[in-house]
Amino acid sequence: MIHYIWLFMLVSGFVAAAAQGNIEIVTEAALTGAKDAIAVCFGLLSILVFWLGMMRIAQDAGLIEKLARLLGPFARFLFPGVPHDHPAMGYILSNMSANLFGLGNAATPMGLKAMEELQKLNEDKKTATPAMCTLLAINTSGLTLVPTTVIGLRMQYGSAEPAAVIGTTILATLCSTAVAILLDRWYRRRTWGKEA
Amino acid sequence: MVDWITALSKWLLPIILAFVPVYALAKKVPIYESFTEGAKEGIPTVIQIIPHLVGMMVAVAVFRESGALQFYLSLLYPLTSLINFPQEVLPLGLLRPISGAGALAFMESIFQQQGPDSFLGMLASTMQGSTDTTLYVLTVYFGAVGIRRSMYAVKVGFMADFAGLVASWIIVTMMMGG
């Protein structure tokens, strides 16, 4: 599906630019996009290097394992295919907690670490496993209790009550995350059957 | 309750930052070595992600800058006006799953024009906070471990975004009376 989305964006961009007689904009946008991507990667580099360092300390101290045990039942429900004592569980839970508190910066490295651990359990390294899809579903549905970036921007634009969106965001995020988990379950059963 | 959550959110990272090394040292972990060992892993991970992110962000930029996004939006306007969905936030809703920076910039322009506490400002804030940039998350997470076949993850991500969008609209309308 990703192939089609990619092609769709490129081709419809080409057609739109051509129709307006402004084909140069395609080249310009492509180069700007590539440059922006590298800028994002640099941003990621600093965050990843820093957080993966912290995560390693937490792991060596047994903290990741503790977290996995603490929230185990919940994680077992969401990730039935992952062994209970597997390190992936700890990282998945760290990722979810970071997301909940709107710590997007910290959530990404933890999510990547979780992916890496799930990949170790994966037999076909090029194809996503059910657990990987679930992790992605949770992350894309934006599970957030405190939307820190939004609150920060609201403050900057002179909101009388910057934190007023916390309530509405929690409700809306509950809806999108619930939909994501339900759909994920449905597709999981359809694709892999009950055992997955 | 709200103050409590915001405060927790602000304090959480610094607390983790101080607590983890102290706890680890008490457990006799060579903390500085552990840190650098773990941190080292970040470099190959980012290098692995670069091609995926460049590919995706080029396509998004072409789609947005060429006016194609605008064209598809104009196709949607009759439909949204039929169900009374506020047009002004439609670009935000459509951009949110594909481009985080684009959506954020759009939210800021709504803040500028209408103020953050207006109906549209609240709606934009809620939409922004309740979903994530699906395409980016997918690119980064699957790119980092080299997954090519993403199964149904893309579909689920986009449908969840749509659910978040509709839910935001209903919730903010109910709260502020549209």
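Residues numbered from 1 in each chain as written. Chains lettered and ligands numbered in written order. Predicted model: local features only at pLDDT ≥ 70, side-chain atom pairs only at ≥ 80, totals over all residues. Heavy atoms only, no water.

Engineer: Help me understand the overall build of chain A in this model?
Structural biologist: From N to C terminus, chain A includes 9 helices and 0 strands. Across chain A, helices and strands are ordered from the amino to the carboxyl terminus as α-α-α-α-α-α-α-α-α. Considering only intrachain contacts with a sequence separation of at least 6, the fraction spanning at least 24 residues in chain A is 58%. In the form shown here, chain A has an accessible surface area of approximately 9,000 Å², with 66% of it arising from carbon and sulfur atoms. (Helix = DSSP H or I, 4+ residues; strand = E, 2+ residues; numbered from the N terminus. Contact = heavy atoms within 4.5 Å. Areas by Shrake-Rupley, 256 points an atom, 1.4 Å probe, with all protein chains shown as cover.)

Engineer: So what exactly am I meant to see when it comes to the interface of chain B and chain A here?
Structural biologist: Quoted interface sizes are often the accessible area lost when the parts come together. Every contact between the two is made by 94 residues of chain B and, on the other side, 98 residues of chain A. Counting each side, the surface lost to burial between chain B and chain A is near 8,200 Å², with a carbon and sulfur contribution of 78%. Here chain B is connected to chain A by 3 salt bridges. A salt bridge links B:Glu41 to A:Arg56, with the shortest nitrogen-to-oxygen separation between them at 2.4 Å. Summed over the shared surface of chain B and chain A, the number is 23 residue pairs in polar contact (both at pLDDT 80 or more). When residues of the side of chain B that touches chain A are traced back to their parent elements, those giving at least two are α1 (2-26), α2 (31-40), α3 (42-65), α4 (68-82), α6 (100-114), α7 (119-130), α8 (134-145) and α9 (153-176) of chain B. (Buried area = accessible area lost by both parts, 1.4 Å probe. Salt bridge = Lys/Arg side-chain N within 4 Å of Asp/Glu carboxyl O. Polar contact = N/O pair within 3.5 Å; in protein donor to acceptor, adjacent residues only side chain to side chain.)

Engineer: I would appreciate a short explanation of the packing of helix α7 (residues 130-140) of chain A against α8(B) in the present structure.
Structural biologist: Packed helices, taken two at a time, are described by the angle their axes make and the gap between the axes. Two elements in contact, α7(A) and α8(B), have axes whose closest approach is 9 Å; the angle formed by their N-to-C orientations is 145 degrees. Where α7(A) crosses over α8(B), the two elements pack in a sense that is right-handed. Residues A:Met132, A:Leu136, A:Asn139 and A:Thr140 of α7(A) form the contact with α8(B), whose participating residues are B:Thr134, B:Val137, B:Leu138, B:Tyr141 and B:Phe142. (Axes fitted to C-alpha atoms, helices over the stretch in contact; angles between N-to-C directions. Left-handed = near helix turned anticlockwise from the far one by under 90°.)

Engineer: It is not clear to me how the environment of B:Ala61 should be interpreted in this structure. Could you clarify?
Structural biologist: As for its placement among the helices and strands, B:Ala61 is situated in helix α3. Between the C-alpha atom of B:Ala61 and that of B:Lys28, which follows or precedes it by 33 residues, the distance is 49 Å. Those residues in contact with B:Ala61 that lie beyond four places of it in its chain are A:Ala29, A:Gly33 and B:Ser66.

Engineer: Would you explain helix α3 (residues 63-70) of chain A in this entry?
Structural biologist: Helical geometry: 3.6 residues make up each α-helical turn, so side chains three or four residues apart lie on a common side. Residue and element names in this part refer to chain A. Taken residue by residue, α3 has Leu-63, Ile-64 and Ala-68 as its buried positions. Along the axis of α3, the buried positions cluster into a sector of 145 degrees, meaning they face one direction only. Residues Glu-65, Arg-69 and Leu-70 are exposed on α3 and point more than 90 degrees away from its buried face. (Buried < 20%, exposed > 50% of the residue type's maximum accessible area, 1.4 Å probe, protein only. Arc of directions from axis to C-beta.)

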